[in-house]
Amino acid sequence: MFNFLKGAKIEHDIKLKEGYIINQNQKGLITANISSEKIEKIIKDFIDSFDCKELYLFIEIPYNLKDEKGNKVYDLLYNNIYFLDNIKKEELKKVIEPYFDILINDNNTNFGVATMDYTYEICKYDFNMMRFISKKSQQKFLEILKNNNVSENKEIKFYWDLSKNEKNEDDNFYEADGKNVYDVINELQKCGLYVGGEWKKEHPF
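Residues numbered from 1 in each chain as written. Predicted model: local features only at pLDDT ≥ 70, side-chain atom pairs only at ≥ 80, totals over all residues. Heavy atoms only, no water.

Caption draft 1: Broad picture of helix α4 (residues 139–147). If you check which residues of α4 are buried, you get Lys-140, Phe-141, Ile-144 and Leu-145. Buried residues of α4, viewed axially, fall in a sector of 130 degrees; they line one side. Among the exposed residues of α4, those pointing more than 90 degrees away from its buried face are Lys-146 and Asn-147. Buried-residue contacts for α4 involve β1 (19–22), β2 (29–33), α1 (36–48), β6 (120–124) and β7 (129–134). Of the residues flanking the end of α4, it is Asn-149, one or two places downstream, whose phi is positive at about 60 degrees. (Buried < 20%, exposed > 50% of the residue type's maximum accessible area, 1.4 Å probe, protein only. Helix = DSSP H or I, 4+ residues; strand = E, 2+ residues; numbered from the N terminus. Arc of directions from axis to C-beta. Contact = heavy atoms within 4.5 Å.)

Caption draft 2: Region of interest: the pattern of salt bridges. Per the stated rule, a full pass over the model turns up 11 salt bridges. With a closest N to O distance of 2.6 Å, Asp-117 and Lys-53 form a salt bridge. Placement of Asp-117 in the loop between β5 (110–115) and β6 and of Lys-53 in the loop between α1 and β3 (55–66) is noted, with a sequence separation of 64 residues between them. Look at Asp-117 and you get partly exposed, because its relative accessible area is 41%. When its relative accessible area of 32% is taken as the criterion, Lys-53 is described as partly exposed. When the shortest N-O distance is used, the salt bridge between Lys-88 and Glu-54 registers 3.7 Å. Separated by 34 residues along the polypeptide, Lys-88 in the loop between β4 (72–87) and α2 (89–96) and Glu-54 in the loop between α1 and β3 bring together distant segments of the chain. Several salt bridges converge on common partners, so that one network encompasses Glu-40, Lys-44 and Glu-97. (Salt bridge = Lys/Arg side-chain N within 4 Å of Asp/Glu carboxyl O.)

Rendered as structure tokens:
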């Protein structure tokens, strides 16, 4: 059974299948649909695959704005980007462990881990999509996917292949124990997370 992110509001007739494709038009890229219960394990397996390399965490979330009346509004066309740099695997796992649930299940949040030398990167996107990018070798990713029972599927369809509806940000945020992703950002800033800039999205998710 394929489980969607808890924060994702899905059109009833859309069904996704788990699997990955090796992208032919972008060297070193693997794109996958991953059932939600496997995402944390896959990211941890990636982190654990490095012994001495310095890693960094990145989190991308919609602008947190206020309108003229002081009400919170969000801009899904733009993201704030945050980084936590130069961190070893055991410390990184300890830092993000309490926040996996929100980071994974918030359907407006992209987050991932990469090596400081930009050789390897893994990222979770909205609607259960994950991307794996390497400038060196895809073998590490293929082994992780195999160990988590995710197989290649050259005919795979992603959520936005099946839906052209605009996403409603109010329906795709996720809270747990009274906290949301903005609370996570505030808490991680105490551990060294910093604002890295902003960017305009090229697609609706």
